[in-house]
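This is what each chain is made of:
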Amino acid sequence: MYGAFIGDIVGSKYEFHNIKTKKFPLFSKDCDYTDDTILTVAVAKAILLSGKEREENPRDGKGFQEILVEVMRDFGKRYPCPKGAYGGRFAAWLHQKDPQPYGSYGNGSAMRVSPCGLMAVTLEEAIILGRASAAVTHNHPEGIKGAEAVAAAVFLAKSGKTKEEIRQYIEEKYYRLDFTLDSIRPAYKFDGSCQGSVPQAIVAFLESENFEDAIRNVISIGGDCDTTGAITGSIAWTYYIVQNGGWESWVSDRIDPAMQDIREQAMEYLPGEFTDIAEAFRKACGQRTEAWEKTGACGSILSPEERNSLE
């Protein structure tokens, strides 16, 4: 999750003032968290609450999607003015009496989805959780596709897959990635759709040498920098921690000094509530994965009805 936070914060300065270079300060007084961070935290909290609900009321409790709607609306009202504001249709959704999905294919579904890939214990679960998290607002096929692709990439990174394996999976199931950042940088501009930003964000990760380089890559192409930053950051943070020390390093919060330094700088921008939820979520991911590895079973996030409707 911290990768999404960092990419969002770094990119916030450049969303409406694109730059076409990798040489820029990561953090400055003009940076701040945006709706991308707020809603990523909301998805993480909803996953935690839904897991608890399944334990206490496995048959009759609220489903994940109902909880997610409640949590996103709560966060949206308590954090009403993020840098850059909420998207217009989402802002209206936050205040509707009976909020319904509105057919969006915007990249909002993809920027908030990383907790689904992190909590999942199988690739199939990552995909269905991504689908569920998107569908409460972004129920257009392209909105669903973007969320699934990012959730899958995060899960594959968590599972220790190589960049080439991640590339092959995304190309087989979701998007063509047959371009380089150098080839698109001169002409690429703001595109708030999943289909116009998720592939670019994934390639920014694939071309990177380390976490910081991934963030510099994605900011350097311009466009919707806070959101593509959150997407690239969520994949890259997980990948580089796991590649350097295994999944246990993410669970136990053992990261290299360079990434630790970047995270500490980013945390200065974040409310304590966000970092508290991120830490609780990380621990819950570890406990759930440990249960799965030991017994082949763990508590469900989705209700039985949701799983049947989404599969």
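Keep in mind that this is a model prediction, so the values were computed, not measured.

A. Expanded view of the overall build of the chain. Secondary structure assignment for the chain yields 17 helices and 0 strands. Here the chain has a C-alpha radius of gyration of 18 Å; the compact-globule value for 311 residues is 19 Å, and the two agree. Across the 311 residues that make up the chain, the buried fraction comes to 60%. When contacts within the chain are restricted to residue pairs at least 6 apart in sequence, long-range pairs at least 24 apart make up 73% of them. Total accessible area on the chain is roughly 12600 Å²; 50% of this is exposed by carbon and sulfur atoms. In the chain, 35 positive and 45 negative side-chain charges are present, and the distance between their average locations comes to 2 Å.

B. Inspection of the pattern of salt bridges at higher detail. One pass over the full model with this rule turns up 13 salt bridges. With a closest N to O distance of 3.5 Å, Lys29 and Asp30 form a salt bridge. For Lys29, a relative accessible area of 76% gives the class exposed. You can call Asp30 partly exposed: its relative accessible area is 36%. For the salt bridge of Arg78 with Glu273, the shortest nitrogen-to-oxygen distance reads 2.9 Å. Taken together, the residues span a long stretch of sequence, with Arg78 in helix 3 (residues 64-78) and Glu273 in helix 16 (residues 272-295) at a distance of 195 residues. On the basis of relative accessibility, which here comes to 39%, the residue Arg78 falls in the partly exposed class.

C. Region of the structure containing the nonpolar core. Counting residues in hydrophobic clusters, the biggest one holds 113 residues, and the most contacted among them are Phe27, Phe75, Ile170, Phe211, Ile219 and Trp237. Element by element, the count of residues in this core is highest for helix 8 (residues 141-158), at 11 residues. Contact partners of Phe75, with chain neighbours within four places excluded, come to Ile38, Val41, Ala42, Lys45, Tyr86, Glu273, Phe274 and Ile277.

D. Quick peek at the UniProt feature "binding site: Mg(2+)" (unreviewed entry) in the chain. The UniProt record annotates "binding site: Mg(2+)" (unreviewed entry) at Thr34, Asp35, Asp36, Asp224, Asp226 and Thr227. Over a stretch of 194 residues, the named residues converge on one spot in the fold, their C-alpha atoms separated by at most 12.6 Å. Residue position: Thr34 is located in the loop between helix 1 (2-12) and helix 2 (35-56). Classification of Thr34 as buried rests on a relative accessible area of 0%.

E. Quick peek at unusual backbone geometry. Not every positive phi belongs to a glycine, and Ala85 is a case in point at roughly 70°. Mapped onto the secondary structure, Ala85 falls in the loop between helix 3 and helix 4 (88-94). For Ala85, a relative accessible area of 42% corresponds to the partly exposed category.

F. Just the environment of Tyr79, in detail. Position of Tyr79 relative to the elements: it lies in the loop between helix 3 and helix 4. Each C-alpha atom of the pair Tyr79 and Ile38 lies 7.7 Å from the other, and the pair is 41 residues apart in sequence. Residues within four places of Tyr79 in sequence aside, it is in contact with Tyr33, Ile38, Tyr86, Pro271, Glu273 and Phe274.

G. Molecular detail of the packing of aromatic side chains. On inspection of all chains with the given rule, the structure shows 14 aromatic pairs. Geometrically, the ring pair formed by Phe27 and Tyr269 is stacked, given 5.8 Å between the ring centres and 25° between the ring planes. Placement of Phe27 in the loop between helix 1 and helix 2 and of Tyr269 in the loop between helix 15 (257-267) and helix 16 is noted, with a sequence separation of 242 residues between them. An identical accessibility class is assigned to Phe27 and Tyr269; each is buried. Here the aromatic residues Tyr2, Phe5, Phe211 and Trp237 are joined through ring pairs into a cluster of three or more. The aromatic ring of Phe75 is capped on one face by Arg78, whose charged end is 4.9 Å from the ring centroid.

H. Spatial organisation of the environment of Ala284. Within the secondary structure, Ala284 is located in helix 16. Each C-alpha atom, one on Ala284 and one on Met119, is 7.9 Å from the other, the two residues being 165 residues apart in sequence.

I. Structural detail: the side chain of Thr232. As for its position among the elements, Thr232 is in helix 13 (residues 225-245). Excluding residues that lie within four positions of it along the chain, Thr232 makes contacts with Ala201, Ala204, Phe205, Ala214 and Val218.

J. Layout of the packing of helix 8 against helix 13. Running from N to C, helix 8 and helix 13 point in directions that differ by 15°, and their axes come no closer than 8 Å. Relative to helix 13, helix 8 is oriented roughly parallel. The handedness of the crossing between helix 8 and helix 13 is left-handed. In this structure, helix 8 contributes Val150, Ala153, Val154, Ala157 and Lys158 to the contact, and helix 13 contributes Ile231, Ser234, Ile235, Thr238, Tyr239 and Val242. When the residues that make up the contact of helix 8 with helix 13 are grouped by side-chain class, the tally is 8 nonpolar, 2 polar and 1 charged.

Quick notes on the rules
Residues numbered from 1 in each chain as written. Predicted model: local features only at pLDDT ≥ 70, side-chain atom pairs only at ≥ 80, totals over all residues. Heavy atoms only, no water. Helix = DSSP H or I, 4+ residues; strand = E, 2+ residues; numbered from the N terminus. Rg over C-alpha atoms; globule rule 2.2 N^0.38 Å. Buried < 20%, exposed > 50% of the residue type's maximum accessible area, 1.4 Å probe, protein only. Contact = heavy atoms within 4.5 Å. Areas by Shrake-Rupley, 256 points an atom, 1.4 Å probe, with all protein chains shown as cover. Lys, Arg positive; Asp, Glu negative; His and termini not counted. Charge placed at Lys NZ, Arg CZ, Asp CG, Glu CD. Salt bridge = Lys/Arg side-chain N within 4 Å of Asp/Glu carboxyl O. Core = buried A, V, L, I, M, F, W, Y, C linked by side-chain atoms within 4.5 Å. UniProt positions renumbered as here; feature names shortened; annotations may be inferred. Phe/Tyr/Trp six-rings, centres within 6.5 Å; stacked < 30°, edge-to-face > 60°. Lys NZ or Arg CZ within 6 Å of the ring centre and 35° of its normal. Axes fitted to C-alpha atoms, helices over the stretch in contact; angles between N-to-C directions. Parallel < 35°, antiparallel > 145°, perpendicular 65-115°, else oblique. Left-handed = near helix turned anticlockwise from the far one by under 90°. Nonpolar A, V, L, I, M, F, W, Y, C, P; charged D, E, K, R; others polar.

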